[in-house]
There are 2 protein chains.
Amino acid sequence: MARWEPDARGRLENAAMDLFQERGYLETTVGEIAARAGLTERTFFRYFADKREVLFSGSQALEQSIVEHIQGAPPDASPLDVVVTALEQAGAELQARRDLRYVRARYALVTQHAEIQERELIKLASLARAVIRALHERGVAEPAASLAAEAGIALFKIGFERWVNERKASDFAAHIRGALDGLKALTAHGPPANARSPATNAQRSAAKTPARRR
Amino acid sequence: MARWEPDARGRLENAAMDLFQERGYLETTVGEIAARAGLTERTFFRYFADKREVLFSGSQALEQSIVEHIQGAPPDASPLDVVVTALEQAGAELQARRDLRYVRARYALVTQHAEIQERELIKLASLARAVIRALHERGVAEPAASLAAEAGIALFKIGFERWVNERKASDFAAHIRGALDGLKALTAHGPPANARSPATNAQRSAAKTPARRR
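Residues numbered from 1 in each chain as written. Chains lettered and ligands numbered in written order. Predicted model: local features only at pLDDT ≥ 70, side-chain atom pairs only at ≥ 80, totals over all residues. Heavy atoms only, no water.

Asker: Just checking my understanding: could you explain the overall build of chain A for this structure?
Answerer: Check the secondary structure of chain A and you find 10 helices and 0 strands. Going from the N terminus to the C terminus, chain A shows its helices and strands as α-α-α-α-α-α-α-α-α-α. Counting only residues that meet the buried cut, chain A has 53% of its 214 residues in that class. Across chain A, every contact between residues at least 6 apart in sequence was considered, and the portion connecting residues at least 24 apart equals 63%. As displayed, chain A offers around 10,000 Å² of accessible surface, 51% of which is attributable to carbon and sulfur atoms. (Helix = DSSP H or I, 4+ residues; strand = E, 2+ residues; numbered from the N terminus. Buried < 20%, exposed > 50% of the residue type's maximum accessible area, 1.4 Å probe, protein only. Contact = heavy atoms within 4.5 Å. Areas by Shrake-Rupley, 256 points an atom, 1.4 Å probe, with all protein chains shown as cover.)

Asker: Hey, could you run me through helix 8 (residues 144-165) of chain A in this one?
Answerer: Note: α-helices contain 3.6 residues per turn, so residues at a spacing of three or four share the same orientation. For helix 8 of chain A, with 22 residues, the first-to-last C-alpha span of 31 Å sits near the 32 Å given by 1.5 Å per residue. Among the 22 residues that make up helix 8 of chain A, 17 are buried, leaving the element largely enclosed by the rest of the structure. (Expected span 1.5 Å × (residues − 1).)

Asker: Even after reading the chapter, I still don't get the packing of helix 7 (residues 114-137) of chain A against helix 7 (residues 114-137) of chain B, so can you show me in this structure?
Answerer: Helices that pack against each other are described as a pair by the angle of their axes relative to one another and the distance between those axes. Relative to each other, helix 7 of chain A and helix 7 of chain B sit at 100°, their axes nearing to 9 Å. Our classification of the angle between helix 7 of chain A and helix 7 of chain B gives roughly perpendicular. Contact residues: helix 7 of chain A offers A114(A), Q117(A), E118(A), L121(A), I122(A), A125(A) and R129(A), while helix 7 of chain B offers A114(B), Q117(B), E118(B), L121(B), I122(B), A125(B) and R129(B). Looking at the contact of helix 7 of chain A with helix 7 of chain B residue by residue, the class counts come to 8 nonpolar, 2 polar and 4 charged. (Axes fitted to C-alpha atoms, helices over the stretch in contact; angles between N-to-C directions. Parallel < 35°, antiparallel > 145°, perpendicular 65-115°, else oblique. Nonpolar A, V, L, I, M, F, W, Y, C, P; charged D, E, K, R; others polar.)

Asker: Can you walk me through the pattern of salt bridges in this structure?
Answerer: Two side chains carrying opposite charge are able to pair once their charged atoms lie near each other. Evaluation of the coordinates by the stated rule reveals 22 salt bridges over all chains. The closest approach of N and O atoms between R23(A) and E32(A), which form a salt bridge, is 3.1 Å. For R23(A), a relative accessible area of 42% puts it in the partly exposed group. Its salt-bridge partner being D50(B), residue R119(B) comes within 2.9 Å of it at the nearest N-O pair. Placement of the pair is R119(B) in helix 7 and D50(B) in the loop between helix 3 (41-47) and helix 4 (59-71), with a sequence separation of 69 residues. (Salt bridge = Lys/Arg side-chain N within 4 Å of Asp/Glu carboxyl O.)

Asker: When you look at the packing of aromatic side chains in this model, what are you seeing that I'm missing?
Answerer: Aromatic ring pairs: the centre-centre distance and the angle between the two ring planes describe each pair. As enumerated under the stated definition, the model contains 18 aromatic pairs over all chains in all. Plain terms: the ring middles of Y47(A) and F48(A) are 6.4 Å apart, the flat faces sit at 45° to each other, and that makes the pair tilted. You can call Y47(A) partly exposed: its relative accessible area is 31%. Relative to Y25(B), the ring of F20(B) lies with its centre 5.0 Å away and its plane at 70°, an arrangement referred to as edge-to-face. The residues F20(B) and Y25(B) share a single accessibility class, namely buried. The ring of F56(A) has R106(A) lying over it, and the distance from NZ or CZ to the ring centre is 4.8 Å. The ring centre of Y102(B) lies 4.4 Å from the NZ or CZ of R98(B), which sits over that ring. (Phe/Tyr/Trp six-rings, centres within 6.5 Å; stacked < 30°, edge-to-face > 60°. Lys NZ or Arg CZ within 6 Å of the ring centre and 35° of its normal.)

Asker: Explain the environment of L121(A) to me, please; I cannot follow it from the model alone.
Answerer: Among the secondary structure elements, L121(A) is positioned in helix 7. As a C-alpha pair, L121(A) and L155(A) span 34 residues in sequence and 15 Å in three-dimensional space.

Asker: In this structure, what is going on with the packing of helix 4 (residues 59-71) of chain A against helix 7 of chain A? I would like to understand it.
Answerer: All names here are of chain A. It is the contact of helix 4 with helix 7, at a shortest axis distance of 9 Å, that shows an interaxial angle of 20°. As far as their axial angle goes, helix 7 and helix 4 are roughly parallel. Remark: the crossing between helix 4 and helix 7 carries right-handed chirality. On the side of helix 4, the interface is formed by S59, E63, I66, V67, I70 and Q71, while helix 7 contributes K123, S126, L127, A130, V131, R133, A134, L135 and E137. Grouping the constituent residues of the contact of helix 4 with helix 7 by class yields 8 nonpolar, 3 polar and 4 charged. (Left-handed = near helix turned anticlockwise from the far one by under 90°.)

Asker: Would you take a moment to explain unusual backbone geometry for this structure?
Answerer: Excluding glycine, a negative phi dihedral is what most residues carry, and trans is how most peptide bonds are arranged. Here the bond from E142(A) into P143(A) is cis, since omega is 5°, no more than 30 degrees from zero. Considering the arrangement of structural elements, one finds P143(A) in the loop between helix 7 and helix 8.

Asker: I'm lost on the environment of A149(B) in this one. Help?
Answerer: Residue and element names in this part refer to chain B. For A149, the position within the fold is in helix 8 (residues 144-165). Distance from A149 to P79, taken between C-alpha atoms, is 8.5 Å for residues 70 residues apart in sequence. Once residues within four sequence positions are removed from consideration, A149 is found in contact with A128, V131, I132 and L135.

Asker: Looking at this structure, how should I read the side chain of T28(B)?
Answerer: With respect to the element layout, T28(B) can be found in the loop between helix 1 (8-23) and helix 2 (30-36). Not counting chain neighbours up to four residues away, the residues in contact with T28(B) comprise L19(B), F20(B), R23(B), I33(B) and K51(B).

Asker: Whenever I open this one, the nonpolar core confuses me. Can you help?
Answerer: Grouped burial of nonpolar side chains is what soluble globular proteins tend to show. Within the largest apolar cluster, 88 residues are counted, with the highest numbers of intra-cluster contacts made by I66(A), L135(A), I66(B) and L135(B). The contact partners of I66(A), leaving out residues within four places of it in the chain, are A86(A), L87(A), A90(A), L127(A) and V131(A). (Core = buried A, V, L, I, M, F, W, Y, C linked by side-chain atoms within 4.5 Å.)

Asker: How should helix 7 of chain A be read in this particular structure?
Answerer: Here helix 7 of chain A spans 35 Å end to end across 24 residues, near enough to the 34 Å set by a 1.5 Å rise per residue. Taken from the residues just after helix 7 of chain A, G139(A) is the one with a positive phi, measuring 90°.

What follows is the structure, encoded as structure tokens:
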């Protein structure tokens, strides 16, 4: 795994990921991480509250970047466009900052360990709240702010998964934008609320499926 | 708080919620919950793995109901409509099953205690995966399945929050449908991907805001 930061924080992150890969996440201790980084346990705890947190070093920066991009968006931009553009920008920054091998190794740990996934979900929920607050500050009302934030986070997650699972290196931001295009297609093509398109009704009758309970 | 289930599980849920309200969630022990329900601690652990889990008694039934509604949806229905209709149906069932005071008291605990919120997020992530699987079984491809599932869960969350925070008793399913209408409005009104509407461009120039980094 490449070295991506020369400072203590980066060395600890790097040592942790190397050990998680070599020995497993559960088997690695904070003491071993510190030793591998050439630092003390005490130094580790100056940077991270626990072993799990070493994987969330970039969360705060990510949230702050997204909020700043929302604050800096043109005042007339639509809420969803503001959010998605901010997520694309932050996604591009993350991609520039992190080695893709690190991102993939971290993603594998999140999917393999419930306790890491838990914290990931908490961080995403915190991010959603921060996005909602930033939209409120722009004068976006409810439920538009919550909808734009939650939809945006969903697009970020889906774009992220497509980015890390792609065989070839690709553009994270483009995957987020692609997910938005997919969502627009889904919301545009579905029958409108409390009504069905004539074509859909005709197909439904032809298929002789039981009526939905409503 | 009203009694809503006469069986042991219901009595334990009820006793737990009463005690959480009276003494606080952190202060209440499993032994106290069992005693209040007129049962033993051993019986408690036959139903629930821990104190927290007593608040998630309905999660599995909710997930199963949503999956079954997806499986039973007309084959030609759009993925997002399938998901949202299933969530509306399950939401209506939840509303019929649970006293609104219980739902509100439980929601207050989720927002107040990080460890409860954590489990809530895990359950929602599990629900999203179950929805994605059910869509795949219907032949819905990626990324449509993930998008419909994640967007649906977001609408469920937002609809739920609006339902429990409404002063008067209202219809949970209608709030989910209302959130979908809101999302459709957001995705329809935003500028299309990689393009801006002429009106928006004109306004943006007039406002003299800095160009977005893209």
